[in-house]
Amino acid sequence: MPIRQLSETMINQIAAGEVIERPASVVKELVENALDAGASRVEVVTAGGGLNLIRVTDDGSGIPEQELALAVARHCTSKLSHDIHDIRSLGFRGEALPSIGSVARLSIRSRTAGGDSAAEIGIDGGRVSAVKPAAANRGTTVEVRDLFFATPARLKFMKGERAESSATSDVVKRIAIAFPAVRFTLTGADRSTLELPATSDTPEGRLARVAQVMGKDFPDNAIAIDAAREGVHLAGHVSIPSYTRANALQQYAYVNGRPVRDKLIAGAIRGAFADVLPRDRHAVTVLFLSLDPSTVDVNVHPAKADVRFRDPGLVRGLIVGAIREALAAAGIRAATTGAAGMMAAFRPGATPYAHPGPANGHRSYEAAYYASGSGGFDPLRSAQRPLEMGEARAPRNGFAESDQAAFDTGPLASADVRAGMAEPTEALLGMVLGAARAQVHENYIVAQTRDSLVIVDQHAAHERLVYEALKNALHSRAVPSQMLLLPEIVDLPEEDAERLAMHSETLARFGLGLERFGPGAVAVRETPSMLGETNVQQLVRDLADEIADNDTVETLKERLDRIAATMACHGSVRSGRLLKAEEMNALLRQMEATPGSGTCNHGRPTYIELKLADIERLFGRR
Ligand code: ADP
Ligand code: MG
């Protein structure tokens, strides 16, 4: 085939392939245009998930009649005059309107402040119609019908009305956080109404807007960030480590007011929270970066959501440093240490907290356990409390024959060591997880078998057991529930409330009774008995995340499993609960009887076993 110049429409459709991925991308481009035009009110209406209709109305500057034809022509923009390195508007490429017009039926009606009437132009699958007079107030209304009718291949990739509606809400919320002084509404038969009244462009106004979007309780559970380094300024809020989500969807980031989804920023947030959050939990964050526009490139991708910083190290360092400092200032310290620290602690000589007891060779295994075991799990605490074991005796044959004196006497006698347990029977010692001997640090059950030391994470273990029990009960369709004395109201982002209501039947199968409670809230009336006393607020939020993450793709069975897992996590014996000897042994027996109980629902081990032979090796006895 000879080389030919592509037609204008084909060029625009190719561009549309990149810029207009789904209805939400249209909404993003149109709302950006409204904001660039200085609007103080932006109204979005959708139908059919945005595939049938998207209409964005603003009260901005309007487009002069004689410029309407240019507005829908490729590479025509009023925003970029000479310097691609100095972009201060949301748009600059001049390709959104012609791209949309090439794949849908687009009409623009507009009136400027000075104009004495409005005018209208249409573009239908790439064909531009003549400019006509029209009636309208000041501002612009852009209507997009039958999105992708001209490119049916793209239409096939759409996820269904609900998923597309929800993607559009997310786009509007994301951008609304950066423009608190603008009033946004998002309505349509295909969705529940989102209304964000204007606040103001002040710190309080910005936080009020954030609360409108993320839920009223976010500000109460967040700490402010405000830091600068070498001309880069970072402001915003991050949640405290007890207020987390199961995914990163609630992390909002802005660069010079532009919503971005940037790997560097996401990675920096993860890094900043690494020491205070489990790996499967995510902080809720709203962060605004401001820097000289010439030091950041927003022209990386047509959708303009990616950015490239001239000095990525500076930006990352600023984010990590600022969040860590703010957490520290709020009195939040690392609560956990990783596996690497534990292994190091078990290596002979690697532990920084020297055992203060008798010289080598006179230490008992109990002493060894305390010195290295507790060091591995919680070095902060053990470092603060040097261990005195008193007169330690070396047992002849490991734990099986050691007495328990070390557990219940001396300066060590602390609340988190359950003492005075009966001597284990031979039968118990022969079990896989052995006989429970103590509970330490309020969460770890120390058990012994004939030839090993077993440490069980009681929270993780119990979580797994509840999970299995829930799944079994679900099978037999009998998950018992308990009525709450008073229904508990949970405030949530509207989308989450909607999603939960949508899945209320499924949740009811688990014994969780909830219903809508006005906009942005659900009322919980019943909880699964199996969970006992549980934090309903956190449970409901986690379930909303779980559903949001997996809404469209999952089969019912997978969804049920995931809901069971999320619930189980809430019904578990939290670390911190003191267990009696019988309770501990019962937990161990239940674990032995439950398939898959060696790992918790998140894949972490529920127990570790140290063979006596290995312990002896650590001491150079072998
Ligand atoms: P860009 O936003 O990159 O300039 P667009 O194709 O989105 O490109 O829009 C083209 C031009 O149309 C804009 O530069 C602007 O002048 C005009 N325009 C589009 N939407 C509006 C609006 N809502 N109000 C005023 N002018 C608008
Ligand atoms: Mg634009």
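Below is a short write-up of the structure. (Residues numbered from 1 in each chain as written. Chains lettered and ligands numbered in written order. Predicted model: local features only at pLDDT ≥ 70, side-chain atom pairs only at ≥ 80, totals over all residues. Heavy atoms only, no water.)

1. Notes on the site of ligand 1
So, point 1. Close contacts around ligand 1 come from 20 residues, with Asn 33, Thr 77, Ser 78, Lys 79 and Gly 94 the closest.
So, point 2. A distance of 2.8 Å separates a nitrogen atom of ligand 1 from a polar side-chain atom of Asp 58.
So, point 3. Here an oxygen atom of ligand 1 and a backbone polar atom of Leu 97 are 3.0 Å apart.
So, point 4. Alone, ligand 1 offers 530 Å² of accessible surface; in the complex the protein occludes 93% of this.
So, point 5. Counting residues per element, the ones that place at least two in the shell around ligand 1 are α2 (23–36) and α4 (96–103). (Near = heavy atom within 4 Å. Polar contact = N/O pair within 3.5 Å; in protein donor to acceptor, adjacent residues only side chain to side chain. Areas by Shrake-Rupley, 256 points an atom, 1.4 Å probe, with all protein chains shown as cover. Helix = DSSP H or I, 4+ residues; strand = E, 2+ residues; numbered from the N terminus.)

2. Focus on a nonpolar patch on the surface
So, point 1. A contiguous nonpolar patch, built from Leu 6, Met 10 and Ile 14 and spanning about 270 Å² of accessible area, is present on the exposed surface.
So, point 2. Inspection of the secondary structure puts Ile 14 in helix α1 (residues 8–19). (Patch = residues over 30% accessible without salt bridge, like charges linked within 9 Å, V, L, I, M, F, W, Y side chains within 5 Å. Salt bridge = Lys/Arg side-chain N within 4 Å of Asp/Glu carboxyl O.)

3. Remarks on the pattern of salt bridges
So, point 1. For the structure shown, the criterion picks out 29 salt bridges.
So, point 2. Between Arg 22 and Glu 164 there is a salt bridge, and its shortest N-O distance comes to 2.8 Å. Of this pair, Arg 22 sits in the loop between α1 and α2 while Glu 164 sits in helix α6 (residues 161–178), placing them 142 residues apart in sequence.
So, point 3. With a relative accessible area of 1%, Glu 164 lands in the buried category.
So, point 4. We note a salt bridge from Asp 36 to Lys 79, for which the minimum N-O separation is 2.9 Å. Taken together, the residues Asp 36 in helix α2 and Lys 79 in the loop between α3 (68–71) and α4 connect sequence positions 43 residues apart.
So, point 5. On the basis of relative accessible area, Asp 36 is assigned to the partly exposed category, the value being 27%.
So, point 6. A single salt-bridge network, built from bridges that share partners, covers Arg 245, Asp 496, Arg 499 and Asp 545. (Buried < 20%, exposed > 50% of the residue type's maximum accessible area, 1.4 Å probe, protein only.)

4. A closer look at the nonpolar core
So, point 1. With 58 residues, the main nonpolar core has Val 42, Val 144 and Phe 184 as its most contacted residues.
So, point 2. With near-sequence residues (within four places) excluded, Phe 184 lies in contact with Val 31, Leu 35, Val 42, Val 172, Ile 175, Ala 176, Phe 179, Leu 194, Glu 195, Leu 196 and Arg 209.
So, point 3. Core analysis: the next-biggest nonpolar cluster, separate from the first, contains 35 residues, Ile 223, Ala 227, Ala 272 and Leu 289 among them. (Core = buried A, V, L, I, M, F, W, Y, C linked by side-chain atoms within 4.5 Å. Contact = heavy atoms within 4.5 Å.)

5. Overview of the pairing of strand β23 (residues 513–516)
So, point 1. Where β23 lies against strand β24 (residues 521–528), four bridges are found, and the strand directions are antiparallel. What sits directly across from Gly 513, in β24, is Glu 526.
So, point 2. Remark: four residues form the turn of the hairpin made by β23 and β24, two consecutive strands paired antiparallel; Gly 518 in that turn has positive phi of roughly 70°. (Pairing = 2+ DSSP bridges.)

6. Concerning α1
So, point 1. Over its twelve residues, α1 runs 16 Å from end to end, which matches the ideal 16 Å to within 8%, given 1.5 Å per residue.
So, point 2. Within α1, the full set of buried residues consists of Asn 12, Ala 15, Ala 16 and Val 19. The arc that holds the buried residues of α1, viewed along the axis, is 110°, so those residues lie on one side.
So, point 3. Residues of α1 that are buried make contact with α2 and α4. (Expected span 1.5 Å × (residues − 1). Arc of directions from axis to C-beta.)

7. Looking at the environment of Ala 272
So, point 1. Summarising the element assignment, Ala 272 is placed in helix α8 (residues 263–273).
So, point 2. When the C-alpha atoms of Ala 272 and Ala 283 are compared, they prove to be 10.0 Å apart, with eleven residues separating the residues in sequence.
So, point 3. In this view, Ala 272 contacts Val 320, Ile 323, Arg 324 and Leu 327; residues no more than four positions away in its chain are not counted.

8. Focus on the sheet that holds strand β22 (residues 481–491)
So, point 1. Read from one edge of the open sheet, three strands run β22-β24-β23, paired in antiparallel fashion. Looking at the sheet topology across the chains shown, the edges are occupied by β22 and β23. The average undirected angle you get between the axes of adjacent strands in this sheet is 15°.
So, point 2. Sheet contacts for helix α16 (residues 494–502): β23 and β24; angle to β23, the most-contacted strand, approximately 130°. (Axes fitted to C-alpha atoms, helices over the stretch in contact; angles between N-to-C directions.)

9. What to know about the sheet that holds strand β20 (residues 444–448)
In a beta sheet, neighbouring strands pair by backbone hydrogen bonds and run either parallel or antiparallel.
So, point 1. With antiparallel pairing, the four strands of this open sheet are ordered in space as β19-β20-β21-β25. At either margin of the open sheet sits one strand with a lone partner, and together these are β19 (435–440) and β25 (607–611). Neighbour-to-neighbour, the strand axes of the sheet open up by a mean angle of 20°, direction not taken into account.
So, point 2. As judged from the five bridges shared by strand β21 (residues 452–457) and β25, these two strands associate in the antiparallel manner. When the bridges of β25 are listed, Ser 452 appears paired with Lys 611.
So, point 3. On the sheet, helix α15 (residues 458–475) packs against β19, β20 and β21 and is oriented at approximately 70° with respect to β21.

Treat this as a map of the structure, not an account of what it does.
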